[in-house]
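Here is what each chain is made of, one letter per residue.
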Amino acid sequence: MTVEDLFEQQTEELERQKSLENRILCCTAAGCNSCGATGLRTAIAAEIKAQGSEGRVEVCGTGCMGMCSRGPLVLSGADRRLYGNATPADAAALVSPNPIDRQGLAARAIDLDSPFFTKQVKIVLANSGRVDPEKLTDYIAAGGYQSLAKALNDQTPRQTIEEVKKSGLRGRGGAGYPTGLKWELVAKQAAPVKYVVCNADEGDPGAFMDRSVLEGDPHRVLEGMAIAGYAVGAQQGYIYVRGEYGLAIQRLQTAIKQAEREHLLGTRILEQGFQFRIDLRIGAGAFVCGEETALIASIEGKRGQPRQRPPYPPESGLWGAPTLINNVETFANIPTIIERGGEWFSSIGTAGSKGTKVFALAGKIANTGLIEVPMGATLREILFDIGGGIPNGRFKAAQTGGPSGGCIPEQFLDLPVDYESLARIGSIMGSGGLIVMDESSCMVDVARFFMEFCMEESCGKCIPCRAGTVQMYDILRRMTIGEATPDDLEMLKSLSELLRETSLCGLGQTAPNPVMSTLKYFPQEYESHIRERRCPAGHCTMAHAGQEAIA
Amino acid sequence: MSASPPTAPVKDNREKLLERAMSRHQYSGDALIEVLHTAQELFGFLSPPLLKTIAHKLRLPPSRVLGVASFYHFFSLKPKGEHTFVVCLGTACYVAGALGLVETLERRCAKAGHTTPDGKVSVETARCIGSCGLAPAVIVDGAVLARISPAMLDRELERIGVQ
């Protein structure tokens, strides 16, 4: 495919879509699928046939539309209305050319002008819920692969990197390293072979952003990776994706095949000299593989254990070659940055954090689902305007950053969410999982939960993490059953310091974060557990309360 | 799920398929994880003779193969039950009461990580299956069940004939 073909296909497909009377979009992301979206889509397709509307009405499966709590979601009609909790019984009404037939569904219609939609700014998720992730033409119609064409035709690799630097984009995997600088580091290496790796080993419990992007718009990630390959001088890319994400794996495989067939990946990309292959590597369920050196070991077929850095992967990564590792969401931002320019991108967000951030809302919140907001939006806006607030309860804390993050109490609800401000209050941006807790959640138990996670996921290579997480877990466990003593609290604090200072990789260094942040903001809960042998939230069983503590 | 897996690799086309997977990767030791994925898909679990065969073919020390197979949660060194229940213990599911689901399964079937003596049901837990919007979630034989309660779990167990 040449660049001209690309534009021609876009025009053709857009005209075809415009000629349709009704293009029904049915969310087939993992969330809606598990509440019956597949059957619904089949029923709609059958109904189109039954009503003889083929050629005039079509049904498309799309990626995540965001409001997972109301799934399965369907968008239908010339008036483009969104309906929630749709069932195969609604198929006839959804297909019907007469909007009056859809009046029965009015009670389940979702207002697209509600703050849930209007307060969001979509870059990464721009196509999610709009294009069919299994059709390349859909992505091309939405302007897909034009950024790659622009980079190859109009920019030198150096200019592409400059554009990314200008955008101020920072790594979306959690740590927030400036993406442009990382690209420059890899580009500067004089090596015959370089690699681009996409980290899709989304392991934080409570996070499903990367999964949704891969399921909803896989070509966007492929395009971002190809642009990165061009910029840093790599010809081979790997996507390291969680083995648990079956649908994402399947859609990526389809997308790679489609793109290779049309010469958008592989050899002679867009009839130019550039070549770039992408292969999948399926993870096998180890949280530590999200750490970049462990991820590299795993791609090489070894135990996923991290190694000492430096050398950092941009100097010596996969098989010793310079390797660029970015997260799914980071790559997904790239096509838009190249399309609209780094300056445009940097106009969104705060001084130090540019662009948008995708969050997965979960826990005690009305609108669980996937959202994208500009950096600097306040937690109050995210949780109450977009999230719809806490059903039957009072806000107690929001957990960000998974087992490496912390719990944010009510007093910080008006804090603008960006890398710096979250770090200042002892949490991290993390990959974007945002779990809301109400008064029924016990903070000591939450700390115990995350410590158990880190204990089980510790790879065992360095002692502070391997042994420290076990000791910290045991103290927290004893707190939740009413066996802990005041000395335990001191020990917990000193172990927290020890792990943070001496662990080899991020897993161990950040494992104490949930403990330290809950200790800082909810000290009275720890006190109650230890001195009164009582759980204020009424969550812990305190089985040993009243018995003498084992000192 | 898979029928009762053999204790040793038997002569059927599964061996041939595994061979094909290894040759696709040019018997490279770097492809160990891919090969183990294929082997588990074909045989249901990774038996010691199977691991030895793979080590031999990829020219890797058996210790390295066992080391990798036992490091990753995804690989199972023991045969699985006829039905598998995976309870998600991610944060969202946890705060939505996933522990109650584990308790139900442990009471009625087997401890988490184990299979009932009759080989009918395996109970497992997962770190996070990424269906946080549908918490608490349980995967029954590959299908995600959303917002599930212990009572719904009881019905699911009845459906597959667990007393």
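Note that the structure is predicted; figures quoted are calculated from it, not measured.

Q: With reference to specific residues and values, describe the overall build of chain B.
A: Scanning chain B from N- to C-terminus turns up seven helices and five strands. Walking chain B from its N terminus toward its C terminus, one meets helices and strands in the order α-α-α-α-β-α-α-β-β-β-β-α. With the C-alpha coordinates of chain B rotated into their principal frame, the extents come out at 50 × 30 × 25 Å.

Q: Which residues make up the domain arrangement of chain A, and what are the values?
A: Residues and elements named next belong to chain A. In terms of domains, chain A is made up of domain 1 (17-111), domain 2 (143-346), domain 3 (356-438) and domain 4 (443-532). Measuring from the centre of the C-alpha atoms in domain 1 to the corresponding centre in domain 2 gives 34 Å. Across the contact, five residues belong to domain 1 and six residues belong to domain 2. The class makeup of the residues in the side of domain 1 that touches domain 2 is three nonpolar, two polar and no charged.

Q: Residue-level account of helix 3 (residues 37-50) of chain A, with values.
A: Residues and elements named next belong to chain A. With 14 residues, helix 3 ought to run about 20 Å at 1.5 Å a step, and its terminal C-alpha atoms sit 20 Å apart, in line with that. For helix 3, the complete set of buried residues consists of A37, L40, R41, A43, I44, E47 and I48. The arc that holds the buried residues of helix 3, viewed along the axis, is 160°, so those residues lie on one side. Facing away from the buried side of helix 3 by more than 90 degrees, the exposed set consists of K49 and A50. Where the residues of helix 3 are buried, they touch strand 1 (22-27), helix 2 (30-33), strand 2 (57-62), strand 3 (74-76) and helix 4 (91-95). Directly after helix 3, the chain includes G52, whose backbone phi takes a positive value near 65°.

Q: Break down the interface of chain A and chain B for me, citing the residues and quoting the values.
A: Listed by partner, the interface residues are 37 residues for chain A and 30 residues for chain B. At the level of secondary structure, the elements contributing two or more residues to the side of chain A that touches chain B comprise helix 2, strand 10 (356-363), strand 14 (433-438) and helix 18 (443-457) of chain A. Considering only residue class, the side of chain A that touches chain B consists of 16 nonpolar, 15 polar and six charged.

Q: Please give an account of the pairing of strand 8 (residues 277-282) of chain A that cites residues and values.
A: Residue and element names in this part refer to chain A. Bridging between strand 7 (residues 236-241) and strand 8 involves six bridges; their strand directions are parallel. Its bridge partner being in strand 8, V241 is matched across the sheet by I282. What joins strand 7 to strand 8 is helix 12 (residues 246-261), and the crossover it makes is right-handed.

Q: How would you explain the sheet that holds strand 2 (residues 114-115) of chain B if you had to name every residue and give the values?
A: All names here are of chain B. Judged by pairing direction, the sheet is mixed, and its five strands sit side by side in the order 2-3-1-4-5 without closing on themselves. Among the strands making up the open sheet, the edge pair consists of strand 2 and strand 5 (143-145). Across six bridges, strand 1 (residues 83-88) lies against strand 3 (residues 121-126) in parallel orientation. Bridge assignment links V87 to a residue of strand 3, and that residue is T125. Strand contacts of helix 6 (residues 98-108): strand 1, strand 3 and strand 4 (138-140), with the helix running at about 155° to strand 1, the strand carrying the most contacts.

Q: I'd like to hear about the sheet that holds strand 7 of chain A, residue by residue, with values.
A: All names here are of chain A. Strand order across the open sheet formed by four strands is 8-7-6-9, with parallel pairing between neighbours. Every other strand in the sheet has two partners, leaving strand 8 and strand 9 (323-327) as the edge strands with one partner each. Strand-to-strand, the axes of this sheet are offset by a mean angle of 20°, without reference to chain direction. Here helix 12 sits on the sheet in contact with strand 7 and strand 8, set at roughly 165° to strand 8.

Q: Tell me what's going on with the environment of A:G224, and back it up with residues and numbers.
A: All names here are of chain A. Assignment of secondary structure puts G224 in helix 11 (residues 218-232). Residue classification places G224 among the buried positions, given that 27 C-beta atoms sit within 10 Å. Filtering out sequence-adjacent residues up to four positions away, G224 remains in contact with F331, A332, I334 and P335.

Criteria and cut-off values
Residues numbered from 1 in each chain as written. Chains lettered and ligands numbered in written order. Predicted model: local features only at pLDDT ≥ 70, side-chain atom pairs only at ≥ 80, totals over all residues. Helix = DSSP H or I, 4+ residues; strand = E, 2+ residues; numbered from the N terminus. Domains from an automatic or database assignment. Contact = placed C-beta atoms within 7 Å. Nonpolar A, V, L, I, M, F, W, Y, C, P; charged D, E, K, R; others polar. Expected span 1.5 Å × (residues − 1). Buried ≥ 20, exposed ≤ 12 C-beta atoms within 10 Å, placed from the backbone. Arc of directions from axis to C-beta. Pairing = 2+ DSSP bridges. Right-handed = clockwise from strand over helix to strand, strands pointing away. Axes fitted to C-alpha atoms, helices over the stretch in contact; angles between N-to-C directions.

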